[in-house]
Amino acid sequence: PTPYDELTSALKDTASERVNIKSDRAIAHWFRWDLRLHDNTALHRAAESAKSHGVPLICLYVFSHEDFHAHYTSPARIDFTLRSLRVLKADLAKLDIPLWVEEVNDRKQTRTQVLNWCTKWGVSELHANMEYEVDELRRDTKLLREGIKQDIAFHFYHDTCVVEPLILRSGTGRTYSVFTPFFKQWEPYVYKNECVANLFPSPPKNNPKLKAKDTFRDLFSQTSFPDPLPAKQLSQKDSHRLAKLWPAGEHEAKSRLKVFLENGISKYSDRRDRPDIENGTSALSLHFAAGTLSARQAVRAVLDHSSTRSLDSGHHGWIREICFRDFYKTILLTNPHVCMNKAYHEEYHNVIWEYSEEHFQRWVEGKTGYPIVDAAMRQLASNKYMHNRCRMIVASFLCKDLMLDWRKGEKYFMEQLIDGDFASNNAGWQFCSSSGTDAQPYFRIFNPLSQSEKFDPNGDYIRHWVPELSNVQGKAIHEPKTRLSASEFKKLGYPDPIIEHKFARERALERYKTGLGRN
Ligand code: FAD
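Residues numbered from 1 in each chain as written. Predicted model: local features only at pLDDT ≥ 70, side-chain atom pairs only at ≥ 80, totals over all residues.

Caption draft 1: View of the overall build of the chain. A count of helical and extended segments in the chain gives 25 helices and five strands. Projected onto the principal axes, the alpha-carbon positions of the chain cover approximately 80 × 50 × 50 Å. The buried share of the chain, reckoned over its 519 residues, is 42%. Considering only intrachain contacts with a sequence separation of at least 6, the fraction spanning at least 24 residues in the chain is 79%. (Helix = DSSP H or I, 4+ residues; strand = E, 2+ residues; numbered from the N terminus. Buried ≥ 20, exposed ≤ 12 C-beta atoms within 10 Å, placed from the backbone. Contact = placed C-beta atoms within 7 Å.)

In structure tokens form, the structure reads like this:
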């Protein structure tokens, strides 16, 4: 059984025992990557229960540096989380609902600390939305069983996807492992089904008198908050810059979505692959990752937005991308081995990689001598975000041109991205290294030059991110080494290409062919 199977059986096994636990004390919601009040399944269920039993609703967030560390969570993402938490805490306070932030130093202590917290505040039920990574599923299964022994009923829900994973099945009853058939079922299901029709409303207010009760006064008065990150992880200057670039919290997510619906979505199909066009995509991924916006809310807003207009290719195209997110979460649940450094298609284990730290560093620093790759890597280092087309270009470059193990790139992305999300990042890397669910064979190898000419035709994206090339005119921007004279190129102070693409392509084909032949 997968860790998800174990959690579902534990939920079933304990259902009657959990119902028998008297809900006469506080009811709690545990926030995780769902940092919003609206359309939050577990929060809504907790609020419903609190209301029907006439007991208070209280909230918990567990801040664990070790968990962040274990998932290579980037400082930018941690910082965004802290900023979003502040917004959430203030919004909850207006509803007379306290949010307690529990700091955990040792990951193994999370369960004990959560249970102790429940005991301390007299919690009889704790509701939370599921996280689909292996360790998290296992932790929740244990908590569920330990909770029963201490008279605390834990409830876990699906929340992060538009369509609950594993509901959609092929004619033979199997879950999907290829995107296109999944999408063919997913799209009509979403349009017809109430998964996006009846979004959960915001939670009811607690009774304001709660604040005065001795038992809860301390809970409300928690003023300490996890410290900002040490400067060696994120300097104050960067923290301010990122806060301006990526304002946090649920309200910001909603207004970003609104702006995208007004100005971006109808042109999405034409512009989504163009990193040189500002706001060609929604830049909402960080909000989906933190849960400051739910994917259902986004789809619902698109459908509402288009009710006056027709659902054009932009609307369809964008909803299709949201479906990719659902699909990759489903893959993670059904294939937990991808959480363990393994290729989705395990036969790709035998590909032999290069081990050049120098090449890796040049890729990281955006000094490969391939302008589109360097522009993208510098965008990532600066803004902690990279355009999707560029993610594919740089990932393909790392594992097919430099022949470096895709897992190194996957980890580096998580360490940098403000929208780092295990399922999407892992799937993106496996797609580019050809070991993932995609049906395309390994011989699809991106040519960085033609990608650059096609998707940054005037070179504006490159000029913006690679100042050494800011004065290079015309097509030379894509390939300065070959298209400028030797002396002109030398003056730029820009590196020679790290590797010849034609040679690299042949080498990759050979390595993949040999690797697969070993099975
Ligand atoms: P939009 O074009 O506006 O799309 C809307 C939403 O759809 C996105 O916010 C995202 O939630 C979802 N989406 C779009 N494309 C994809 C996709 N290919 N896979 C899954 N969901 C998608 N996305 C992450 O959220 N976190 C990651 O860590 C991540 N790592 C990636 C690594 C690689 C190597 C690749 C190729 C892709 C990765 N993606 C990741 C997917 C995609 O690049 C980003 O979701 C997208 O660039 C975010 O920008 P946006 O919000 O403007 O997207």
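There is more to say after this.
Caption draft 2: Region of interest: the packing of helix α17 (residues 371–383) against helix α18 (residues 388–401). At their nearest, the axes of α17 and α18 sit 9 Å apart, and the two run at 115° to each other. If you check the angle between α17 and α18, you find them roughly perpendicular. Viewed along their axes, α17 and α18 form a crossing whose handedness is left-handed. Taken together, the residues of α18 that come into contact with α17 (itself represented by Ile 372, Val 373, Ala 376 and Met 377) are Cys 390, Ile 393, Val 394 and Phe 397. Grouping the amino acids of the contact of α17 with α18 by side-chain chemistry returns eight nonpolar, no polar and no charged. (Axes fitted to C-alpha atoms, helices over the stretch in contact; angles between N-to-C directions. Parallel < 35°, antiparallel > 145°, perpendicular 65-115°, else oblique. Left-handed = near helix turned anticlockwise from the far one by under 90°. Nonpolar A, V, L, I, M, F, W, Y, C, P; charged D, E, K, R; others polar.)

Caption draft 3: Inspection of the site of the ligand at higher detail. Surrounding the ligand, one finds 28 residues, the nearest of these being Thr 281, Ser 282, Ser 285, Asn 425 and Gly 428. Listed by contribution, the elements that provide at least two residues to the shell around the ligand are α13 (285–290), α15 (313–334), α18 and α20 (422–432). The leading source of residues in the shell around the ligand is α15, at six residues. Split by residue class, the shell around the ligand holds 14 nonpolar, eight polar and six charged. (Near = placed C-beta within 6 Å.)

Caption draft 4: Geometry of the UniProt feature "site: Electron transfer via tryptophanyl radical" (unreviewed entry) in the chain. UniProt's entry tags Trp 353, Trp 406 and Trp 429 with the feature "site: Electron transfer via tryptophanyl radical" (unreviewed entry), counted in the numbering of this structure. Along the chain, the position of Trp 353 falls in the loop between α15 and α16 (357–365). With 16 C-beta atoms packed within 10 Å, Trp 353 lands in the partly exposed category. Each residue touching Trp 353, except ones within four places of it in the same chain, is listed here: Met 403, Leu 404 and Asp 405. Tracing the backbone shows Trp 406 in helix α19 (residues 406–416). A tally of 26 C-beta atoms within 10 Å means that Trp 406 is categorised as buried. (UniProt positions renumbered as here; feature names shortened; annotations may be inferred.)

Caption draft 5: Region of the structure containing the packing of helix α1 (residues 3–13) against helix α7 (residues 134–149). Put simply, α1 and α7 touch, their axes get as near as 9 Å, and they point 20° apart. Between α1 and α7, the interaxial angle falls into the category roughly parallel. Here the hand of the crossing between α1 and α7 comes out left-handed. Contacts between α1 and α7 involve Pro 3, Tyr 4, Glu 6, Leu 7, Ala 10 and Leu 11 from the former and Val 134, Leu 137, Arg 138, Asp 140, Thr 141, Leu 144 and Arg 145 from the latter. Class assignment of the residues belonging to the contact of α1 with α7 gives a composition of eight nonpolar, one polar and four charged.

Caption draft 6: Representation of the nonpolar core within the structure. One finds Ala 28, Val 299, Ala 376, Val 394 and Leu 398 to be the most contacted residues of the largest nonpolar core, which totals 127 residues. With nine residues, the top contributor of residues to this core is α15. The residues contacting Ala 376, other than those within four sequence positions of it, are Met 386, Cys 390, Ile 393 and Val 394. (Core = buried A, V, L, I, M, F, W, Y, C linked by C-beta atoms within 7 Å.)

Caption draft 7: Layout of the confidence of the model for the chain. Looking at the chain, the pLDDT average stands at 93 and 99% of residues meet or exceed 70. Interface confidence in the predicted complex, given as ipTM, is 0.99; pTM for the same model is 0.96. (pLDDT = per-residue confidence, 0-100.)

Caption draft 8: Just the sheet that holds strand β5 (residues 153–157), in detail. With parallel pairing, five strands are arranged side by side in an open sheet as β3-β2-β1-β4-β5. The two strands at the open ends of the sheet, each matched to only one other strand, are β3 (99–104) and β5. Between one strand axis and the next, the sheet turns through 25° on average, direction left out of account. Contacts from helix α5 (residues 75–94) reach β2 (57–64) and β3, with the element oriented near 145° to β3. (Pairing = 2+ DSSP bridges.)

Caption draft 9: α19, seen in detail. Those residues of α19 that fall on the buried side of the exposure criterion are Trp 406, Gly 409, Glu 410, Phe 413 and Gln 416. Angularly, the buried residues of α19 cover 135° about the axis, an arc narrow enough to put them on a single face. Considering only its buried residues, α19 is in contact with α17, α18 and α20. (Arc of directions from axis to C-beta.)

Caption draft 10: Here's a closer look at helix α3 (residues 41–53). A rise of 1.5 Å per residue sets the reference length of α3, with its 13 residues, at 18 Å; its end C-alpha atoms lie 18 Å apart and thus fit the reference within 8%. Within α3 the residues assigned to the buried category are Thr 41, Ala 42, Leu 43, His 44, Arg 45, Ala 46, Ala 47 and Ala 50. Gly 54 occupies a position one or two residues after α3 and carries a positive phi of about 65°. (Expected span 1.5 Å × (residues − 1).)

Caption draft 11: Highlighting the environment of Arg 145. Positionally, Arg 145 belongs in helix α7. Contacts of Arg 145, omitting those with residues within four sequence positions, involve Ala 10 and Thr 14.

Caption draft 12: View of the environment of Tyr 412. Counting through the fold element by element, Tyr 412 comes out in helix α19. The spatial distance from the C-alpha of Tyr 412 to the C-alpha of Tyr 72 is 8.2 Å, given a sequence separation of 340 residues.

Caption draft 13: Quick look at unusual backbone geometry. The phi angle at Asp 151 is positive, at roughly 65°, despite the residue not being glycine. Along the chain, the position of Asp 151 falls in the loop between α7 and β5.

Caption draft 14: Main features of the pairing of strand β1 (residues 26–31). With six of its six residues buried, β1 lies for the most part within the structure. Residues Ala 26, Ala 28 and Trp 30 of β1 are buried on one face, and the alternating residues Ile 27, His 29 and Phe 31, pointing to the opposite face, are buried as well. Alignment of β1 against strand β4 (residues 123–129), held across five bridges, turns out to be parallel. Bridging from a neighbouring strand, Ile 27 pairs with Glu 125 of β4. Of the pairings in the sheet, the one linking β1 to β2 comprises five bridges and is parallel in character. By the bridge assignment, Ala 28 is partnered in β2 with Ile 58.

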